[in-house]
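Fold and contact review
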Amino acid sequence: MYIDTFRTGVAIMQLFTLLIKPAGSDCNLDCRYCFYKDRAPEIGRGSQRMSYEVLEKLVKDYLGLGFAMSGFSWQGGEPTLMGLEFYERVIELQKEYGKTGQEIGNALQTNGILLNEKWCRFLQESKFLVGISIDGPRELHDYYRVDHSGSGTFDRVMRGIESCRKYKVEFNTLTLLNNRTAACPDELFDFFIENGIKYLQFIPCVELDPKTGEVAEFSVTPEQYGRFMCRLFDRWYDHGPTKVSIRDFDSILSYYVTGKHTICTFDRQCSQYIVVEHTGDCFVCDFFVEPKWQLGNIFETPIEQLATSKKKKNFARRKQNLCNKCLVCSCLSVCRGGCMKDRAPFDSENFRRESFFCEGYKRFFEYSAPRFMHLAASVSAGSPIKTRPFM
């Protein structure tokens, strides 16, 4: 996400990007760990589609702010359910309402199973950055990532990846660390290297079971997460940090070089984006699409007012509500308490509890710090590291 300022007359506005869910939570898969399964019914269930009226309002008003860089991230649910024609209209509207010299970026986070020649030709020509969800080799991926008939989806996702590769679509992969994948760092790393995939994301999964109120069985434990990250770091470091980009490692290395993270997980405050649902309703964060964190609707309130509203600012500031354990921790400067979603299961109001992954974070940061510092010194001396923007 972009964090900067621009000047309009005498007013200064914080830059922000959009995370858009044109098909809401609707999806053509039925992943067993999906956090949208317990989505509040008033936010949306079943078939949800953004109208062209909402789309045009969204594009026109956002680009009308005149940001030098304007970011559209299309997510879900599954955003390809909108059909290719929807995104062709997106590009038409961006060309119509974009200003001379304005840079516009589009990213699409997808499960990949609908990506074919027609899709990939469009994505390449329109310069979309694509994120594809895949949980590693077949036996790991197919355990949780199934369709509505309960069938595995690995082969279909790999066909989507091959289509991206064939038509030269820039893509990253996103792997969810659950109780199974987190136990297999070597298998995951080898799988991606063997398949020539060089831009990786690993997202830890923790959800509460709505029936018991306890941490769901598929969640990764703090101990698992810490061990996974240490082993993944070893493999990445030994393989060559210039050869593979891993989002968390890129951000941590950036912190050691510049003092600033590139992702909001470990930053001092939440990322400067807002979530836009298919109805035009806006929310503070992708992990907090719930009634109490709704900012408003783009047809009722100008989008710049929603993004800079008191509710949005108050939410962002709550990331700094650290517990005493964090304040005296040697890892505080690089960790900043982690993502609020990982405090939310235990404190959904003030977020002053430690992260669910606290012990895993501490183990990893202490383990990796000396080598990150060594890499930072190399980067400062002019050695390049392979990176790319992620979702």
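The following paragraphs examine the structure supplied in this document.

The rules behind each value
The residue numbering used here restarts from 1 in each chain and proceeds along that chain's sequence as written. Only residues with pLDDT of at least 70 are given local features in this predicted model, and only at 80 or more are side-chain atom pairs given and counted; all residues enter the totals for whole chains, interfaces and linings. Processing note: side-chain calculations cover all non-hydrogen atoms of the structure and skip hydrogens and water entirely. Helix axes are fitted to C-alpha atoms over the stretch in contact, other axes to C-alpha atoms as well, and angles between N-to-C directions run from 0 to 180 degrees. Numbering of helices and strands runs from the N terminus; a helix is a DSSP stretch of H or I covering at least four residues, while a strand is a stretch of E covering at least two. Handedness of a crossing is defined here by the sense of rotation of the near helix relative to the far one, left-handed for an anticlockwise turn of less than a right angle and right-handed for a clockwise turn. A contact between two residues is defined here by any heavy atoms of the two lying within 4.5 Å. Gly counts as polar in this scheme, as do all residues outside two lists: the nonpolar Ala, Val, Leu, Ile, Met, Phe, Trp, Tyr, Cys and Pro, and the charged Asp, Glu, Lys and Arg. The criterion for an aromatic pair is that two Phe, Tyr or Trp rings (for Trp, the six-membered ring) have centres within 6.5 Å, with stacked assigned to planes under 30 degrees apart, edge-to-face to planes over 60 apart and tilted to the rest. Here's how the labels work: a residue is buried when its accessible area is under 20% of the maximum for its type, exposed when over 50%, partly exposed in between, all with a 1.4 Å probe on protein chains only. In this analysis the charged atom, NZ for Lys or CZ for Arg, is taken to sit over a ring once it is within 6 Å of the ring centre and within 35 degrees of the ring normal. For a helix, the expected span equals 1.5 Å multiplied by the residue count minus one. The criterion for strand pairing is that DSSP finds at least two bridges linking the strands in question.

**Considering the packing of helix α8 (residues 247–258) against helix α13 (residues 358–380)**
Contact geometry for α8 and α13: axes closest at 9 Å, N-to-C directions at 65 degrees. In this structure, the crossing between α8 and α13 has a hand that is right-handed. Contacts between α8 and α13 pair Phe249, Ile252, Leu253, Tyr256 and Val257 from the former with Phe364, Phe365, Ala369, Phe372, Met373, Leu375, Ala376, Val379 and Ser380 from the latter. Residues belonging to the contact of α8 with α13 are distributed by class as follows: 13 nonpolar, 1 polar and no charged.

**Quick notes on the packing of aromatic side chains**
Overall, the coordinates contain 45 aromatic pairs when judged by the stated rule. Aromatic side chains Tyr33 and Tyr144 sit 5.6 Å apart centroid to centroid with 55 degrees between the ring planes, which places their arrangement in the tilted category. Within this pair, whereas Tyr33 is found in the loop between β3 (17–21) and α1 (52–63), its partner Tyr144 is found in helix α4 (residues 138–144), the two being separated by 111 residues in sequence. Each member of the pair Tyr33 and Tyr144 is classed as buried. Here Arg180 stacks its cationic end above the ring of Tyr143, 3.6 Å away from the centre of that ring.

**Overview of helix α5 (residues 154–166)**
The end-to-end C-alpha distance of α5, which contains 13 residues, comes to 18 Å, matching closely the 18 Å that a straight helix rising 1.5 Å per residue would cover. Packing partners of the buried residues in α5 comprise α3 (117–125), β6 (128–133), α4, β7 (171–177) and α6 (185–194). Of the residues one or two after α5, Lys168 is the one with positive phi, at around 60 degrees.

**Side note on the pairing of β6**
Burial analysis of β6 places 6 of its 6 residues in the buried class, which makes it a mostly covered element. Residues of β6 alternate between two faces, with Phe128, Val130 and Ile132 on one and Leu129, Gly131 and Ser133 on the opposite face, all of them buried. Pairing of strand β5 (residues 103–110) with β6, which is carried by 5 bridges, proceeds in the parallel orientation. Considered in β6, the bridge of Thr110 is made with Ile132. In this structure, β6 lies alongside β7, joined through 4 bridges in parallel fashion. Within the sheet, the bridge partner assigned to Ser133 lies in β7 and is Leu174.

**Considering unusual backbone geometry**
The omega torsion across Gly76 and Gly77 is 15 degrees, close enough to zero to call that bond cis. Assignment of secondary structure puts Gly77 in the loop between β4 (69–74) and α2 (84–97). For Lys127, which is not a glycine, the phi torsion comes out positive at approximately 60 degrees. Looking at the secondary structure, you find Lys127 in the loop between α3 and β6. The backbone of Lys168 shows a phi angle near 60 degrees, a positive value even though the residue is not glycine.

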